[in-house]
Structures are given as structure tokens and as C-alpha cells.
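Observations on chain architecture
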Amino acid sequence: MGNSNWKMRTKLVHEGARRSQYGEVSEALFLTQGFVYDSAEAAEQRFIELGSDEFIYARYGNPTTRMFEDRMASILGYEDAFACASGMAAVNGALMSLLKAGDHVVSSRALFGSCLYILEDILVRFGVELTLVDGTDLDAWKTAIRDDTALVFLESISNPTLEVIDLKQVCDIAHAKGAIVVADDAMATPIFSYAQRCGADLTVVSTTKHVDGQGRVLGGIIAGSKEVIRGQVEAYMKHTGGAMSPFHAWVQLKSLETLDLRVRQQSSTALAIAEALNGHAKLNAVRFPTHEAHPQYELAKSQCESAGTVLAIDVKGGKDACFKFLNALDIFTISNNFADAKSIATHPATTTHARLPQEQKDVLGITEGLVRISAGLEDPSDLIADLKAALEQA
Ligand SMILES: *Cc1c(COP(=O)(O)O)cnc(C)c1O
């Protein structure tokens, strides 16, 4: 079931739905690894060519997982998608399925730690040549992307410093040299995602974040053309075992029904928090790309309606002041995740990005005072009051 003319909210509820012979209202959970065949001939036939309603083994595909893949592909604007066990299984799958020894990759430097590990440690170990650039510097992209560059990787909005990449320009530069662009789009959210529109060939999303959005299950998706997804990506994923569990696909299918409502509310709360804290005496800076105080506000606004649900603040007085602030929070929980219904505060320098050497933290702007704030679904005025009261303790 599906219709490309549907608006986002209709797609989120209905796209990709498949009904069994029982006519169930809610998407069925097919918690099965395997599938049976009516005869030996039918089994032989299915291994020759799979019909659209036919499956062989859950590592390759499953009806519940396929509903999730079809719905995610549609909302991200692509022909097809492969669902993965986690966001990192998706990042790894996209890169490993497309690259080989000797290839040259250009990536923005401001990346989620595990993405940087795959590029710098794993791919380089297998003979991939890597160039890292400042993602906000178009000249740096132009210099780094060569005639023989195979792939460009980037986070459309970086975590945790919320830098914005001019995605259309970078895609144009890459495509002029024949390189494939893979965008990690976790921060942008599937609702405000602009990666496909700007030209990204593949978009990878950790669905652990906004799609689940309620702190329960891991998931990831690789979205792209049917040719690449059912070609290189499926071949790599189905043989290496990174498939999404049907149960997690079912949980996240049901989550998609409310995704637009949740993300719009959380993003409006994030903006309200940025506005309420901007210019606060205890802060050096407040960063939310679609708030006017962000240095890249114009670029952010030209690309998307909202920059998502996460903002960053820089607390004066470094780690000591930061820890006093974090410990004084009442509603916000201290955690390293984001995009949850529960509001979360993170101190990247001592947790998610603690592994980075100091000079790399300096380059990326991960200061001792930086706190990442993920806006949840609580009442915005309670959240703002909580942040202001805790800042008094900083
Ligand atoms: C969280 C995150 C990932 C990894 O996702 P998991 O589901 O935790 O594996 C990758 N990239 C970005 C930008 C993320 O925020």
C-alpha cells in the first residue's frame, strides 16, 4: 500500500502497509526467521527469483521489516531502503558495500565517534585512503575531492557542535568528479531531512533516535536507489548479518505513526529553549542552526524548516560549572542518547567524545563547557524553568 502523492503524515501512517489474509488493522509482527514452501519446486523457484511478497530468511528480509523499509524509503524520498540492526550497522553497511581497497574517501571531520572509527581505523586498515576536511569550508571540499575520489561522507548537521554543511554545493562538487555522496542524517530528523533533495545518493539514519524516539530499541536505515539498495547494499547486508530484528521493525513502524507530531513539538521546544537561553549571563553561546544567533542561520534556513530537536550551549567556567549545572537539573536526565521523549543533557567532552585527543576536541570546538541538550516532549515552560534554575547553580 502506498501513494507517492500522499503528504508526510499520511505516509507515516499508511505507506508500505501489507495486510495478511486476516485483515488486521495494526501492522502484523511476523516474528519468524524462516518461511516454508508448498513444494520442492516452489522452494527452487523462490531461490531463482523472489516475488515482492516472498521471503527466504529474515537476515535477507521479513514482511514486518519490509513494511518499515518501504515506509522509511518513502519519507526520506528514495526508491528503496534496507533496515539495519543499528545506526552503526547502517553506516558500516553503506560504506563497506560501496568501497574497496585503493579507493579515496573524503569526509567532514566533525563526525559521530563511531563513524570516525569506521573511516579512520577500519577502512584505512583495508586500504582505503581518507581525507578529512572542515565540513563548513567549501574550498576545503573542492581541494580534497579529486578525479579519483570514490565516495564523500558527511553528517548534514554535526553532532555535538551543530555545524551545518552546504549539502547541495558539496553534492555538486562530488558529482562533478563522479563520487558518490553518503549523508548521515541522524540530527536533521526524517521529518526535516533535506539530504535527498540536495543530491545525496544514499542517506543513512540511526532510527534509534527520532524514529523510535522513546528510548527502547536500536535501528538504522540505508536509503537510496533501488539499484544500489537491492544491489550492493543488500548483497553486503544479507551475507554479513546486520539485518534489523522484525520486532524492532514493528516497534518502529508503530512509532512512525506519531513521528511528525513528536518531532515538530520537540523541534519547537528546542527553538524555544534556544530563544530563552540566548544571551544568558552564565553562557558563552547557544547554538541551534535554525535560531538567528547561529552563525550559519541563513544557510540552515535555506536548507530546512527546522534543524531538528537538539541544541548546544557553552557554559562559562568549564567542566566544574558544567557539572554543577548538570547535577542541578531536575527534569532533564543525564544520558548520552538524544531525540528521546525524555529531555536529555550530555557533556560530550567527558562522555561521548572523551576518547578524542585534546587537539581534535579543540579543532571540533568540543569545549569543557559544551553541553548538548535534547528537547523532549515535556511542557516547554517546565524545561526552560529547569534549565534556568540549574544555570543559577553553575
Ligand atoms: C547515534 C548516531 C549514530 C549511530 O546510531 P546507533 O543507532 O546508535 O548505532 C550514527 N550517526 C549519528 C550522527 C548518530 O547520532
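What you see is a predicted model; the values in this text were computed from it and never measured.

1. Things to note about the packing of helix α3 (residues 63–76) against helix α12 (residues 246–256)
The description of two packed helices rests on the angle between their axes and on the distance between the axes. Two elements in contact, α3 and α12, have axes separated by 8 Å at closest approach and are oriented at 40 degrees. Classified by the interaxial angle, the pair formed by α3 and α12 is oblique. In this structure, the crossing between α3 and α12 has a hand that is left-handed. Side by side, α3 and α12 meet where T64, T65, M67, F68, R71, M72 and I75 of the first sit next to P246, A249, W250, Q252, L253 and L256 of the second. Considering only residue class, the contact of α3 with α12 consists of 9 nonpolar, 3 polar and 1 charged.

2. A short note on empty space enclosed by the protein
Applying the stated criterion to the full structure yields 2 cavities of 30 Å³ or more. Size it by volume and the largest cavity reaches roughly 40 Å³. Lining the largest cavity are A58, R59, Y60, G61, N62, T65, E69, F82, A83, A243 and M244. Mapped by element, the contributors of at least two residues to the lining of the largest cavity are α3 and β1 (80–84). A per-class count over the lining of the largest cavity returns 6 nonpolar, 3 polar and 2 charged. What the second largest cavity holds in volume is close to 30 Å³. Along its surface, the second largest cavity is lined by S108, A110, G135, E155, S158, E163, V164 and I165. Looking at the lining of the second largest cavity residue by residue, the classes come out as 3 nonpolar, 3 polar and 2 charged.

3. Re the domain arrangement of the protein chain
Each assigned domain of the protein chain is listed with its residue range as follows: domain 1 (8–256) and domain 2 (259–391). Centre-to-centre separation of domain 1 and domain 2, based on C-alpha positions: 27 Å. Between domain 1 and domain 2, the residue contacts involve 41 residues of the former and 39 residues of the latter. Summing both sides of the interface, domain 1 and domain 2 together bury roughly 3,200 Å²; the carbon and sulfur share of this comes to 62%. The interface formed by domain 1 and domain 2 contains 1 salt bridge. Residues D260 and R9 are paired through a salt bridge, measuring 2.6 Å at the closest nitrogen-oxygen approach. Connecting domain 1 to domain 2 are 15 residue pairs in polar contact (both at pLDDT 80 or more). Looking at the side of domain 1 that touches domain 2, the elements that each hand over two or more residues are α1 (8–14), α5 (113–125), α7 (167–176), α8 (189–192), α9 (195–198), α10 (208–212) and α12. Looking at the side of domain 1 that touches domain 2 residue by residue, the classes come out as 23 nonpolar, 10 polar and 8 charged.

4. A few points about the packing of aromatic side chains
One pass over the full model with this rule turns up 3 aromatic pairs. Each ring, one from Y37 and one from F47, has its centre 6.5 Å from the other, and the planes form 65 degrees; the classification is edge-to-face. Highlighted residues: Y37 in the loop between α1 and α2 (40–48) and F47 in helix α2, separated in sequence by 10 residues. Over the aromatic face of F112 sits the side chain of K209, whose NZ or CZ is 5.2 Å from the ring centroid.

5. Notes on the UniProt feature "modified residue: N6-(pyridoxal phosphate)lysine" (unreviewed entry) in the protein chain
Following the UniProt record, one finds the feature "modified residue: N6-(pyridoxal phosphate)lysine" (unreviewed entry) at K209. Along the chain, K209 falls in helix α10. The contacts of K209, once residues within four sequence positions are left out, are N337, F338 and A339.

6. Examining helix α15 (residues 318–328)
Looking only at α15, the buried set comprises A321, C322, F325 and L326. The buried side chains of α15 occupy one side of the element, clustering within an arc of 135 degrees when seen end-on. The outward face of α15, more than 90 degrees from its buried face, is lined by the exposed residues D320 and N327. Turning to α15, the residues buried within the fold contact β9 (310–315), β10 (333–334), β11 (344–346), β12 (370–374) and α17 (380–392).

7. A word on the pattern of salt bridges
Enumeration over the complete set of coordinates arrives at 20 salt bridges. Notably, a salt bridge pairs E129 with R146, separated by 3.0 Å at the nearest N-O pair. Taken together, the positions of E129 in strand β3 (residues 129–133) and R146 in the loop between α6 (138–144) and β4 (149–155) put the pair 17 residues apart, joining distant regions of the chain. Given the relative accessible area of 39%, E129 is considered partly exposed. A salt bridge links R264 to D260, with the shortest nitrogen-to-oxygen separation between them at 3.2 Å.

What counts as what
Residues numbered from 1 in each chain as written. Predicted model: local features only at pLDDT ≥ 70, side-chain atom pairs only at ≥ 80, totals over all residues. Heavy atoms only, no water. Axes fitted to C-alpha atoms, helices over the stretch in contact; angles between N-to-C directions. Helix = DSSP H or I, 4+ residues; strand = E, 2+ residues; numbered from the N terminus. Parallel < 35°, antiparallel > 145°, perpendicular 65-115°, else oblique. Left-handed = near helix turned anticlockwise from the far one by under 90°. Contact = heavy atoms within 4.5 Å. Nonpolar A, V, L, I, M, F, W, Y, C, P; charged D, E, K, R; others polar. 1 Å grid on protein atoms, 1.4 Å probe; cavity = no way out; pocket = protein on both sides within 12 Å on 5 of 7 lines; lining within 4 Å. Points joined across faces, edges and corners; volume = space filled by probe spheres on them. Domains from an automatic or database assignment. Buried area = accessible area lost by both parts, 1.4 Å probe. Salt bridge = Lys/Arg side-chain N within 4 Å of Asp/Glu carboxyl O. Polar contact = N/O pair within 3.5 Å; in protein donor to acceptor, adjacent residues only side chain to side chain. Phe/Tyr/Trp six-rings, centres within 6.5 Å; stacked < 30°, edge-to-face > 60°. Lys NZ or Arg CZ within 6 Å of the ring centre and 35° of its normal. UniProt positions renumbered as here; feature names shortened; annotations may be inferred. Buried < 20%, exposed > 50% of the residue type's maximum accessible area, 1.4 Å probe, protein only. Arc of directions from axis to C-beta.

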